[in-house]
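Overview (structure and organization)
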Amino acid sequence: MALKSIPNRKQPLKTINKSYGNDLKPLDFSFRSLKYVSDIIGDDKREESCRSPHDIEELIDEIKQAKATTIGDIDHEEDEEDFPNTAKPINCFADSSGKRHRKSRSKCLRLNNNSLETIVGLKQIVFSLFLRPLQLSWLDLSFNLLTNVPEELNEFHCLQILYLHGNCLENLSEVEKFRPMTNLKKLTLHGNPIEKVKHYRVTVLTTVPTLIEFDFSSVVKSERENAEVWLKNTTCTTKRRRPRYHLRV
């Protein structure tokens, strides 16, 4: 006699997880005419979806009922793994006007197509909007008015994708600020004045050796090798230079 297979205990939870899909989408503050990052809090419209502790308790009760219906008369101890992280109370915060906002579980933030000249205070804003602010991995600052690479970016050590194209970066030396970003995989700088500077691409590739894609173009192995040779030759040439002495008459 064939034994009946026991239904998967965690299967009914999949339908409940779908209601939290929006939490993983990038927080999008593009095309808002933002001049300061502090304006993000006042522009956030997610307070309506903020769940109260009472709503969370009802959700947990629904999970328990779904488990009891599926499992039948089988007795078992309830483990913490049976309840997904999404079923735990979602942290909220209140802005200056008293509106409640739900912190996002996402790791992506879009601030493109605004009028930002600086991102001073971005760290505080990210800590207010995200449940895991230090895990921010994708940041879009394209099509703003930035004239230099913000030093605030070094606060996010997990940053892997950074878009800065379409800004006002003029000095190629600003690329040095990317050096501490050891996890950076994708970077865009095209559409800035520095794009026309000689050795623009090779300078970026040697400064940020972890890049696998630059300006939406993959970094191939041969290009990486050529960049290393260029850096070596440039370094040797610099060492050979000697100060020039002029005779005074």
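Parameters at a glance
- Counting of residues starts from 1 at the beginning of each chain's written sequence and follows it residue by residue.
- It should be noted that, the model being predicted, local features are given only for residues of pLDDT at least 70 and side-chain atom pairs only at 80 or more, the latter also being counted only at that level, while totals for whole chains, interfaces and linings use all residues.
- The side-chain figures draw on all heavy atoms in the structure; neither hydrogens nor water molecules are used.
- The rule is simple: take the accessible area with a 1.4 Å probe, protein chains only, and divide by the maximum for that residue type; under 20% is buried, over 50% is exposed, in between is partly exposed.
- Secondary structure counts use DSSP, requiring at least four H or I residues in a row for a helix and at least two E residues in a row for a strand, with both numbered from the N terminus.
- In this description, the arc belongs to the directions extending from the helix axis to the C-beta atoms.
- Two strands qualify as a pair provided DSSP detects at least 2 bridges between them.
- Of the grid points, spaced at 1 Å and generated over the protein atoms alone, those admitting a 1.4 Å probe that cannot get out make up cavities, while open sets with protein on both sides within 12 Å along at least five of seven lines make up pockets; any residue with an atom within 4 Å of a point is treated as lining.
- Grid points are joined across faces, edges and corners, and a volume is the space filled by probe spheres set on the points.
- Three categories are distinguished: nonpolar for Ala, Val, Leu, Ile, Met, Phe, Trp, Tyr, Cys and Pro, charged for Asp, Glu, Lys and Arg, and polar for the others, with Gly belonging to the last.
- Within this document, salt bridges are pairs made up of a side-chain nitrogen of Lys or Arg and a carboxyl oxygen of Asp or Glu, the two lying within 4 Å of each other.

When helix H4 (residues 122-129) is considered as a whole, its buried residues turn out to be Leu122, Ile125, Val126 and Leu129. Here the buried residues of H4 occupy an arc of 100° about the axis, which is enough to place them on one side.

So, on to the sheet that holds strand E1 (residues 27-28). The strand order across the open sheet built from seven strands is E1-E4-E5-E6-E7-E8-E9, with neighbouring strands paired in mixed fashion. What marks the edges here is a single partner per strand, and that holds for E1 and strand E9 (217-218). For strand E7 (residues 186-188) and strand E8 (residues 213-214), the ladder comprises two bridges, and the chain directions are parallel. Bridge pairing links Lys186 to Glu213 in E8.

Inspection of the entire model under this criterion finds one cavity of 30 Å³ or more. Lining the largest cavity are Leu153, Asn154, Phe156, His157, Pro180 and Met181. When the residues that make up the lining of the largest cavity are grouped by side-chain class, the tally is four nonpolar, two polar and no charged.

A separate point is the pattern of salt bridges. The full count for this structure, using the stated rule, is five salt bridges. A salt bridge links Glu155 to Lys123, with the nearest nitrogen and oxygen atoms 3.2 Å apart. One end of the pair, Glu155, is in the loop between strand E5 (138-140) and strand E6 (161-163); the other, Lys123, is in helix H4, with 32 residues separating them in the sequence. Of the charged contacts in the structure, one is a salt bridge between Arg201 and Glu223, with a shortest N-O distance of 2.4 Å. Linking Arg201 in helix H5 (residues 200-207) with Glu223 in helix H6 (residues 221-240), this pair joins segments that are 22 residues apart in sequence. Look at Arg201 and you get partly exposed, because its relative accessible area is 22%.

This is a description of form; function is not addressed.
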